[in-house]
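Structure assessment
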Amino acid sequence: MTEQTPNTAANDIEQLIRNQIKDNKVILYMKGTPQFPQCGFSAKSIEVLTQIGRPFAFVNILENPEIRATLPQIANWPTFPQLWIDGELMGGSDIILQMYQSGELKPLVEANSPAA
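Residues numbered from 1 in each chain as written. Predicted model: local features only at pLDDT ≥ 70, side-chain atom pairs only at ≥ 80, totals over all residues. Heavy atoms only, no water.

1. Things to note about the environment of K106
This is how the line gets drawn: Helix numbers and strand numbers start at the N terminus; a helix is a DSSP run of H or I with at least 4 residues, a strand a run of E with at least 2.
Its location among the elements puts K106 in helix α5 (residues 105-112). For the pair formed by K106 and I52, sequence separation is 54 residues and the distance between their alpha carbons is 6.0 Å.

Given below as structure tokens:
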């Protein structure tokens with residue numbers, strides 16, 4: 001096993017995040033899990049996505065401190081949750097709720113997440 005320099009480790013985490021975003025058309029980076037959200041904003045986001053009723057991926061950033069530290073730099077977005085659809089950051093909890101209420105979010109999620 002070779003020791004990784006911090007820079008290499010950071011590059012690996014960045015690549016992991018980019019792969020997660022590329023491999024999952026709808027992915028939510030959140031605090032906790034959909035069954036047990038660990039903050040109100042994550043809970044609100046899960047509620048909205050559950051209402052839409054399509055499968056989505058999630059990453060619990062509380063269990064992944066490297067992702068929690070690196071993603072805001074990649075996204076240029078400081079807070080969590082973060083909803084990504086088709087490789088694009090939609091935003092956090094308030095934006096997710098606004099997009100849902102305006103009718104914008106549902107067709108985006110449906111187009112990128114096949115029915116279960």
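2. Focus: the sheet that holds strand β4 (residues 88-91)
For the record, the criterion: Here a strand pair is declared whenever DSSP counts at least two bridges between the two strands. Interaxial angles span 0 to 180 degrees and are taken between N-to-C directions of axes, which are lines fitted to C-alpha atoms, for helices over the stretch in contact.
Spatially, four strands are ordered β2-β1-β3-β4 in an open sheet, and the strand pairing comes out mixed. Each edge of the open sheet is held by one strand with a lone partner, namely β2 (57-60) and β4. Strand-to-strand twist across the sheet, computed as the mean angle between neighbouring axes with direction ignored, equals 25°. Bridging between strand β1 (residues 26-30) and strand β3 (residues 82-85) involves four bridges; their strand directions are antiparallel. Of the residues in β3, the one forming a bridge with L28 is L83.

3. Some remarks on the packing of helix α2 (residues 40-52) against helix α4 (residues 93-102)
Rule in force here: Geometric relationships in this document are graded by angle, where less than 35 degrees denotes roughly parallel, more than 145 denotes roughly antiparallel, 65 to 115 denotes roughly perpendicular, and other angles denote oblique. By convention the crossing between two helices is left-handed if the near helix lies anticlockwise of the far one by an angle smaller than a right angle, and right-handed if it lies clockwise. Two residues qualify as a contact provided that any one of their heavy atoms is within 4.5 Å of a heavy atom in the partner residue. Each residue receives one of three labels: charged for Asp, Glu, Lys and Arg, nonpolar for Ala, Val, Leu, Ile, Met, Phe, Trp, Tyr, Cys and Pro, and polar for the others, Gly being one of them.
At their nearest, the axes of α2 and α4 sit 9 Å apart, and the two run at 25° to each other. Viewed along their axes, α2 and α4 adopt a mutual orientation that is roughly parallel. Crossing angle aside, the handedness with which α2 passes α4 is left-handed. When α2 is examined against α4, the residues F41, K44, S45, V48, Q51 and I52 are found in contact with a partner set consisting of S93, D94, I96, L97 and Y100. Along the lines of polarity and charge, the residues of the contact of α2 with α4 split into six nonpolar, three polar and two charged.

4. Topic: α2
Let me state the cut-off plainly: Expected span of a helix: the number of residues minus one, times 1.5 Å. Only protein chains enter the accessibility calculation, which uses a 1.4 Å probe. A residue is then buried if its area is under 20% of the maximum for its type, exposed if over 50%, and partly exposed in between. By arc we mean the arc of the directions from the helix axis to the C-beta atoms, nothing more.
The terminal C-alpha atoms of α2 lie 19 Å apart, and with 13 residues this matches the ideal 18 Å at 1.5 Å per residue to within 8%. Burial in α2 covers these residues: S42, S45, I46, V48, L49 and I52. Burial along α2 is one-sided: seen end-on, the buried residues are contained in an arc of 160°. Relative to its buried face, α2 has exposed residues pointing more than 90 degrees away, namely G40, E47, T50 and Q51. Buried residues along α2 sit in contact with β1, β3, α4 and α5. G53 lies just past α2 and shows a positive phi near 80°.

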